[in-house]
Amino acid sequence: MITIINIGELVGIVPSGVSVLKGAEMASMGVLHDAWLQIENGKIVDFGKMPGQAGHDGHPRHDRGSVIDARGGMVLPAFCDSHTHLVYAGSREGEFLDKLAGLSYEEIAARGGGILNSADLLHETSEDELFEQSMVRVREVLAKGTAALEIKSGYGLRPADELKMLRVIRRIGAAVPALVRATFLGAHAVGRGYTHASYVDEVLRMIPDAAELADFIDVFCDEGFFTVEDTSRILEEGLKYGLRPKIHANELAVSGGVQVGVQHNALSVDHLERTTSAEIDALKGTETIPVMLPGSSFFLGLPYGRARAFVDAGLPLALASDYNPGSSPSGDMRFVMALGCIKMRLTPMEALAAVTLNGAAALGVSAQTGSVTRGKRADLILTQPGWSLTRLAYNFTTPFIRQVFASGEQLK
């Protein structure tokens with residue numbers, strides 16, 4: 001048992017049974033001042049106000065286990081990153097120079113770079129080396145406070161390499177205490193040596209084997225990549241094998257990706273840098289969660305998603321890192337949260353909901369993590385003394401973490 005005492009603010013409290021926060025609810029995560037919290041067998045078993053404080057609701061037991069004095073530090077849910085590509089080989093820093101020279105993401109891709117460069121590097125990298133390279137990034141994001149994450153394939157672009165990626169993701173999930181979910185993204189770009197039509201057929205043939213290793217299926221449904229018709233074919237085949245969609249939509253153009261995702265009961269539609277009122281209307285009354293990726297907007301100079309409009313329309317919203325070598329080479333979810341406030345006009349509490357409970361919902365794991373709730377995994381961040389939720393976004397590069405817990409295990 002671990003007991004954390006003298007918590008200045010216990011933030012992110014949500015009642016049992018609440019799986020996602022929509023619209024105005026995103027500002028309603030609970031806060032308890034002068035608190036304690038107890039962890040046992042990897043779960044949050046109880047919390048309350050410290051004895052001697054007005055309205056305190058019980059004495060924490062100190063009779064066994066260890067006691068951590070928060071010294072006024074804040075405790076909040078660990079981050080849940082529902083969209084990453086952090087299994088990749090090597091680096092694409094050379095393309096960073098192309099970007100600085102004025103080439104767009106689309107122009108780099110059209111010259112045979114981008115995703116295809118990553119596929120070439122991955123093909124030449126052994127599975128063990130790919131695992132070791134990826135684990136460096138996994139340890140990095142865990143140290144920065146992420147305890148649940150999705151990882152996509154999509155840098156294989158041929159059957160053997162896509163399966164290699166999915167096996168590496170499975171190994172990562174077994175190696176760390178974080179919750180890890182795998183997404184098959186064979187339709188990330190057209191692989192070298194294929195026509196567009198022949199590659200769509202190849203992706204369809206990959207699905208049965210991929211379904212043995214993956215939880216979800218994804219398609220890059222956007223201008224210059226895969227059409228709505230391609231996406232529909234691939235998602236329908238994936239659903240036959242139990243793969244629920246989580247798709248790329250509307251990064252480069254208003255592509256119809258949101259609507260095709262909703263039609264196939266996608267768990268989430270991700271990116272959404274370019275949307276209209278039609279996308280908001282399509283999402284209303286559905287179980288599909290919009291996920292915005294402000295790290296891509298920051299790095300590529302794209303428009304930021306219309307987060308304020310989505311929340312004001314009563315929709316849930318998640319924010320994720322899009323950690324990848326070409327368009328968002330960072331998995332720092334605290335920075336994602338700050339961008340949600342600074343560039344997308346979310347309040348700090350709304351941004352916290354977007355990177356915790358709603359991120360967990362976009363991963364399909366919000367019954368297990370994403371909030372301070374009795375019975376959930378003890379996936380938590382303990383800050384240094386003196387921190388508040390607002391300061392996380394305000395001082396967005398200042399180190400703030402004292403300890404990260406993943407399923408009760410102390411990581412830092």
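What comes next is a walk through the structure. Keep in mind the model is a prediction, meaning the values are calculated, not measured. (Residues numbered from 1 in each chain as written. Predicted model: local features only at pLDDT ≥ 70, side-chain atom pairs only at ≥ 80, totals over all residues. Heavy atoms only, no water.)

Within the protein chain, the secondary structure is distributed over 15 helices and 16 strands. Against the compact-globule benchmark of 22 Å for 412 residues, the protein chain has a radius of gyration of 21 Å, which places it among compact chains. With the C-alpha coordinates aligned to their principal axes, the bounding extent of the protein chain is approximately 70 × 45 × 45 Å. Looking at the protein chain as a whole, 60% of its 412 residues are labelled buried. Here the analysis covers contacts within the protein chain between residues at least 6 apart in sequence; of these, 72% occur between residues at least 24 apart. Accessible area of the protein chain: about 14,900 Å², with a carbon and sulfur share of 51%. Each charge class in the protein chain can be summarised by its mean position, and for the 38 positive and 48 negative side chains these summaries are 5 Å apart. (Helix = DSSP H or I, 4+ residues; strand = E, 2+ residues; numbered from the N terminus. Rg over C-alpha atoms; globule rule 2.2 N^0.38 Å. Buried < 20%, exposed > 50% of the residue type's maximum accessible area, 1.4 Å probe, protein only. Contact = heavy atoms within 4.5 Å. Areas by Shrake-Rupley, 256 points an atom, 1.4 Å probe, with all protein chains shown as cover. Lys, Arg positive; Asp, Glu negative; His and termini not counted. Charge placed at Lys NZ, Arg CZ, Asp CG, Glu CD.)

All right, on to the packing of aromatic side chains then. Summed over all chains, the structure comprises 7 aromatic pairs. Their ring planes at 20° and their centres at 5.7 Å tell us that Phe96 and Phe299 sit as a pair that is stacked. In this pair, Phe96 is assigned in helix 1 (residues 93-100) and Phe299 in helix 10 (residues 294-300), connecting sequence segments 203 residues apart. The class of Phe299 is buried, set by a relative accessible area of 18%. For the ring pair Trp387 and Phe400, a centre distance of 5.8 Å and an interplane angle of 55° mean the geometry is tilted. Separated by 13 residues along the polypeptide, Trp387 in the loop between strand 14 (380-385) and helix 15 (389-394) and Phe400 in the loop between helix 15 and strand 15 (401-406) bring together distant segments of the chain. Look at Trp387 and you get buried, because its relative accessible area is 7%. Taken together, Tyr194, Tyr199 and Phe226 form an aromatic cluster joined through their ring pairs. It is Arg137 that lies over the ring of Tyr88; its NZ or CZ is 3.6 Å from the centre. (Phe/Tyr/Trp six-rings, centres within 6.5 Å; stacked < 30°, edge-to-face > 60°. Lys NZ or Arg CZ within 6 Å of the ring centre and 35° of its normal.)

Two side chains of opposite charge can pair, provided their charged atoms sit close to one another. Across all of its chains, the model carries 19 salt bridges by this definition. Among the salt bridges present, the one from Asp218 reaches Lys152, with a minimum N-O distance of 2.7 Å. Separated by 66 residues along the polypeptide, Asp218 in strand 9 (residues 216-221) and Lys152 in strand 7 (residues 146-152) bring together distant segments of the chain. For the pair Asp218 and Lys152, one class covers both residues: buried. (Salt bridge = Lys/Arg side-chain N within 4 Å of Asp/Glu carboxyl O.)

On to the sheet that holds strand 10 (residues 244-249). With respect to topology, 8 strands assemble into an open sheet ordered 6-7-8-9-10-11-12-13, the strand pairing being parallel. Each end of this open sheet is capped by a strand with a single partner; those strands are strand 6 (79-81) and strand 13 (318-319). Both strand 8 (residues 179-187) and strand 9 contribute to a ladder of 3 bridges, which runs parallel. Paired with Thr183 across the two strands is Phe216, which belongs to strand 9. (Pairing = 2+ DSSP bridges.)

On the surface, a nonpolar cluster with roughly 320 Å² of combined accessible area is contributed by Phe96, Leu97 and Leu100. Its place among the elements puts Leu97 in helix 1. Taking the relative accessible area as the measure of exposure, Leu97 reaches 57% and is therefore exposed. (Patch = residues over 30% accessible without salt bridge, like charges linked within 9 Å, V, L, I, M, F, W, Y side chains within 5 Å.)

So, on to the nonpolar core. In this structure, Val87, Ile172, Phe184, Ile234 and Leu319 are the most contacted members of the largest nonpolar core, which totals 104 residues. No other element matches the 7 residues that helix 6 (residues 196-210) contributes to this core. Once you skip the residues sitting within four places of it in the chain, Ile172 turns out to touch Val87, Phe131, Ser134, Met135, Val138, Ile151 and Val180. By size, the runner-up hydrophobic cluster in this structure holds 19 residues, among which are Ile4, Ile39, Ile68 and Ala70. (Core = buried A, V, L, I, M, F, W, Y, C linked by side-chain atoms within 4.5 Å.)

For Asn6, which is not a glycine, the phi torsion comes out positive at approximately 55°. By secondary structure assignment, the location of Asn6 is in strand 1 (residues 2-13). On the basis of relative accessible area, Asn6 is assigned to the partly exposed category, the value being 32%. At Leu157, a position not held by glycine, the phi torsion is positive, near 60°. Tracing the backbone shows Leu157 in the loop between strand 7 and helix 5 (159-175).

Here strand 1 pairs with strand 2 (residues 30-40) via 8 bridges, running antiparallel. Bridge assignment links Val11 to a residue of strand 2, and that residue is Val31. Inspection of the sheet shows strand 2 paired to strand 3 (residues 43-49) by 6 bridges, in the antiparallel sense. Bridging from a neighbouring strand, Glu40 pairs with Lys43 of strand 3. Between strand 2 and strand 3, which pair antiparallel in sequence order, lie 2 residues; one of them, Asn41, sits at a positive phi of approximately 55°.

With that settled, the discussion passes to the packing of helix 5 against helix 6. For the pair helix 5 and helix 6, interaxial distance at closest approach is 10 Å and the crossing angle is 35°. By crossing handedness, the relation of helix 5 to helix 6 is classed as right-handed. Between helix 5 and helix 6, the contacting residues are Pro159, Glu162, Leu163 and Leu166 on the first element and Glu202, Met206, Asp209 and Ala210 on the second. (Axes fitted to C-alpha atoms, helices over the stretch in contact; angles between N-to-C directions. Left-handed = near helix turned anticlockwise from the far one by under 90°.)

To continue, consider the environment of Val262. By secondary structure assignment, the location of Val262 is in helix 8 (residues 257-263). Note: C-alpha distance between Val262 and Leu122 (140 residues apart in sequence) is 32 Å. Apart from the residues lying within four places of it in its own chain, the contact partners of Val262 are Ala282, Leu283, Thr286 and Thr288.

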